[in-house]
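Close look at the chain arrangement
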Amino acid sequence: MLKPILSALALFAASCAVTDAQTLPETADPMATPTPLTIERLYASPDLSGPKPQEVKYSPDGTRVTFLKGRADESDGYDLWQFEVATGAQSLLVDSKILEPEEVELSEEEKALRERKRIAGRKGIVSYDWGTSDTILVPIGGDLHLITIGEGGPDARQLTATDAFEYDAKVSPNGRFVSFIRDGALYAIELATGEEKRLTPEAEPDKAVAYGVAEFVAQEEMSRYTGYWWSPDERYVAYTRVDESSVDIIPRFEIAAEDVTVINQRYPRAGRPNAIVDLFVRDMATGEVVETDWRREDWGPATDQYLARARWGRADDLIFDLVNRDQTSIATRSASTSSFWKTLDDREEIQTNWVNLSDDFRELNDGRILWTQETNQVPIHDSVIDDEGNVHRYYLPPSNYRHIVSMVGTGPGYMTVTSGEWVVSAIEGVDEATGTVFFTGYKDTPLEKHLYASSYRDPGEPTRITEPGKSWAITMSPDGASFVGTSSSPDQPPQTGLYKADGSLIAWIEENALDSSHPYAPYLAEHTVPDYGTLEAEDGQTLYYSIHKPPGFDASKQYPVLVEVYGGPHVQTVTRNWERMSDQFYSRQGYIVFRLDNRGSSNRGKKFEDVIYRRTGGPEVRDQLVGVEWLKSQPFVDASLIGIQGWSYGGYMTLMTILQAPEGTFAAAVSGAPVTDWALYDTFYTERYMDTPQDNPDGYEASSVFPYLDNLTTPLLLIHGMADDNVTFDNSTRLYADLQKRGKSFEMMTYPGQRHGIRGEALQTHLMKTRMAFLDRHLKADAE
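Residues numbered from 1 in each chain as written. Predicted model: local features only at pLDDT ≥ 70, side-chain atom pairs only at ≥ 80, totals over all residues. Heavy atoms only, no water.

With that settled, the discussion passes to the sheet that holds strand E39 (residues 531–536). Spatially, the eight strands line up as an open sheet ordered E39-E40-E42-E41-E43-E44-E45-E46, and their pairing is mixed. What marks the edges here is a single partner per strand, and that holds for E39 and strand E46 (747–751). Ignoring strand direction, the axes of neighbouring strands in this sheet form an average angle of 20°. Bridge count between strand E44 (residues 668–672) and strand E45 (residues 716–721): four bridges; the pairing is parallel. Bridge pairing links Ser671 to Leu718 in E45. Across the sheet, helix H13 (residues 761–779) touches strand E41 (559–564), strand E43 (637–647), E44, E45 and E46, and the angle it forms with E46 is around 175°. (Pairing = 2+ DSSP bridges. Helix = DSSP H or I, 4+ residues; strand = E, 2+ residues; numbered from the N terminus. Axes fitted to C-alpha atoms, helices over the stretch in contact; angles between N-to-C directions. Contact = heavy atoms within 4.5 Å.)

A separate point is the pattern of salt bridges. Going through the model one piece at a time under the given rule, you end up with 50 salt bridges. Glu190 is the salt-bridge partner of Arg176, the closest N and O atoms lying 3.1 Å from each other. Here Arg176 is found in the loop between strand E10 (167–171) and strand E11 (177–182), whereas its partner Glu190 is found in strand E12 (residues 185–190), with 14 residues between them in sequence. Looking at Arg176, the relative accessible area reads 45%, which means it is partly exposed. (Salt bridge = Lys/Arg side-chain N within 4 Å of Asp/Glu carboxyl O. Buried < 20%, exposed > 50% of the residue type's maximum accessible area, 1.4 Å probe, protein only.)

Let us look at unusual backbone geometry. Omega for the peptide link from Ser45 to Pro46 comes to -5°, which places this bond in the cis form. Structurally, Pro46 is set in the loop between helix H2 (39–43) and strand E1 (54–58). Unlike most non-glycine residues, Asp168 shows phi in positive territory, near 50°. Locating Asp168 in the fold gives a position in strand E10. Accessibility expressed as a relative area gives 18% for Asp168, which makes it buried. Even without being glycine, Gln327 reaches a positive phi, approximately 60°. Among the secondary structure elements, Gln327 is positioned in the loop between strand E22 (318–324) and strand E23 (329–335). A residue is classified by how much of its surface remains accessible, and Gln327, at 1% relative accessible area, is buried.

Here the focus is the side chain of Asp623. Within the secondary structure, Asp623 is located in helix H8 (residues 619–632). Note on Asp623: relative accessible area 1%, which makes it buried. Not counting residues within four places of it along the chain, the set of residues in contact with Asp623 comprises Ala537, Leu543, Leu596, Asn598 and Arg599.

Mapped onto the fold, Asn356 is located in the loop between strand E24 (344–350) and strand E25 (361–363). Those residues in contact with Asn356 that lie beyond four places of it in its chain are Ile330, Glu374, Arg402, His570, Lys606 and Glu609.

It is worth spelling out helix H12 (residues 730–741) at this point. Counted at 1.5 Å a residue, the expected span for H12 with its twelve residues is 16 Å, and the 16 Å between its end C-alpha atoms agrees. Turning to H12, the residues buried within the fold contact helix H9 (649–660), E45 and E46. Where H12 terminates, the next one or two residues include Gly743, which has phi positive at roughly 75°. (Expected span 1.5 Å × (residues − 1).)

The next thing to look at is the confidence of the model for the protein. Averaged over every residue, the pLDDT of the protein is 90; the share at 70 or more is 91%. Predicted confidence is poor over residues 1–28, with pLDDT under 50, and the contacts of this stretch with residues over four places away or in other chains come to 34 contacts. Residue range residues 380–385 is modelled with pLDDT below 50. Its contacts to residues more than four positions away, or to other chains, number 30 contacts. (pLDDT = per-residue confidence, 0-100.)

With that out of the way, let us pick up the pairing of strand E16 (residues 236–243). For a regular strand, side-chain orientation follows a simple rule: the groups alternate between the two sheet faces. Counted residue by residue, E16 has seven buried out of eight residues, so it is predominantly covered. Between strand E15 (residues 228–230) and E16, which pair antiparallel one after the other, the connecting turn spans five residues, and Glu234 there sits at a positive phi close to 70°.

A few words on the pairing of strand E8 (residues 143–150). Of all eight residues making up E8, six are buried, and the element is well covered by its neighbours. Pairing of strand E7 (residues 135–140) with E8, which is carried by six bridges, proceeds in the antiparallel orientation. In the strand pairing of E8, Leu137 is matched with Leu146. Connecting E7 to the next strand, E8, in antiparallel fashion are two residues, including Gly141 with a positive phi near 65°. The pairing of E8 with strand E9 (residues 153–158) spans six bridges and is classified as antiparallel. The residue bridging Ile147 from the neighbouring strand is Ala156, located in E9. In this antiparallel pair of consecutive strands, E8 and E9, the connection spans two residues.

Bringing the sheet that holds strand E37 (residues 492–500) into the picture now. Adjacent strands of a sheet form backbone hydrogen bonds with each other and so pair up, either parallel or antiparallel. Judged by pairing direction, the sheet is antiparallel, and its four strands sit side by side in the order E35-E36-E37-E38 without closing on themselves. Each having just a single partner strand, strand E35 (471–476) and strand E38 (505–510) make up the two edges of the open sheet. Direction aside, the axes of adjacent strands within the sheet are offset by 25° on average. For E35 and strand E36 (residues 482–489), the ladder comprises six bridges, and the chain directions are antiparallel.

This is the structure in structure tokens:
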């Protein structure tokens, strides 16, 4: 049994008692000897940050909140829990060990999907799908289980028991079917009869054709993880046909400790052909299948267009967003149930450099549509015809920031719901009774994401709902009357609560109080929090940084500095939330940890992002060096002992920064899984910022690490997983070979069988020990 749920009033009072971001709770005698934080403890169970619910969802009727919770004995193993909104009662719903007593080897498709979703390190139940208000679909161990919640408790029904691996499973909107992908084809089980039926043709592996799936770049770069969609009344199901025969095969060697497996991965590199994606609709009543004409004729061949989003409208019309190969346009098209083969243009966003995708599209009962847009040129509707037969296009005014737009009917019946020099993150929910849209954004400060509310009927100044001094992640209830909020601050690990729509706490789902029972309690005495500040880029734009100093910091002394860098698009690292435990470890080893969000990173508007267009590794590097120069000017920094490290784009930035910085700027560098030549990376990501190698050869050359390798003088450690299917391992092997030919010394550590992230307690511990041995050797003044 969990501890009893307190009354809402007591809980709200308790939450208000811990709001000062500068005050840490007292859990131990401040004069006691601090417990050392070891590398082994960083990755052991239970998690030092305490429990944090994952995959939080409301039931369709809003009476329950479900979530995945880490097991106490295995922090990366998850069970499914429920929280009853009316009573506050919380209970274990599905024990993963019962459904999967022994861990099952994942299929290649499931491994890849988990990598794309960034959940490859999880075990047990990693996903689930609500059906009706009393049924939940749980895929685990390659099979599907339907959980029915009754008065006597949950009941599990196993739906599949095959040698094949079923994935991307869904319950149809009215609960009649369970659908899933098996061996590259879409299947459905009718729950009343148990009858299983294949809804698409069989896959053709020899021709690289599959059905109902999302291709690599859709998963990795568009966050579209599915390739099929049910209509609200279950009458139709739309699905993709993915033909990858034109996509290059990149042999990828899954080098494990004892064997080598060659995976012939279809990987569309920059400038090369993409998959051909077709969209079909099956009539579940008649079995008839119709192909939709979703592409635009003026955009060229099928490999030069992307199906970015698909959804069903309230009137059973199929709506989809398509993006051109240059990624300068997002066009929304629709097709009605009476003529799926005929599509209409609804709206289009056009950008000079590139467009950014979102999932913000809400149809309301009064006919309005709400969405978010970074407007440059945005024709709202191109099918409004006057009495003389002329087609009119209506445009939104330009804006540098993503904001909410409302449209009623056709033509100029639109309005901007939000505006200003700040970014809307996402539409989270709508209360149609009051005409309120709830959204997350960065109106108060770029350091904190908050929930706001605004009228979409009579827009005014948005109201911030969530408590300041921390950052929030939000899941709204179906009716917009409540939300589940997960928040954290530099001195409070993530807390998850159920809140009213006005932000008042109803009950904790996971209070995660920093009391004497918390996993972090033995180490709290030396907990430190970062300071935040701003610097100025060469074009006058503001750069935010954080600086994390060691416990017992003495301004009269000098310290080595570790610059932690990512620097790439769609990521923000300087935020006011619970810091990474690795930062606490570094600071206790005597390091200052410094982060700076350079131009090109996220949540600062298009002007801030667009500086990297057609030339990455230039403006970002100059911004990082602005931060380094500031560090060197501080009396408490040992300017001769500054290191830099990063992973993925951060690994690329580490290399580009040390190779373009003045000699002697850095004393050590650690680059993990770096892109070394953008011609080796995928189409959708790379071409968005760089165009193709054919159209921008000089930019690709200047943005590669290879022209600068003669400048290498900084001690360098290179790390890569040998089975990486995202930044493929040849990015590093080419770098190794070129450095060796040039007579440049470097150190390296490779991980057999590991992909883009290094997973598992043992290997993460090994990685950190390798990293620290290298850094200490070069950044500690007393090192031998």
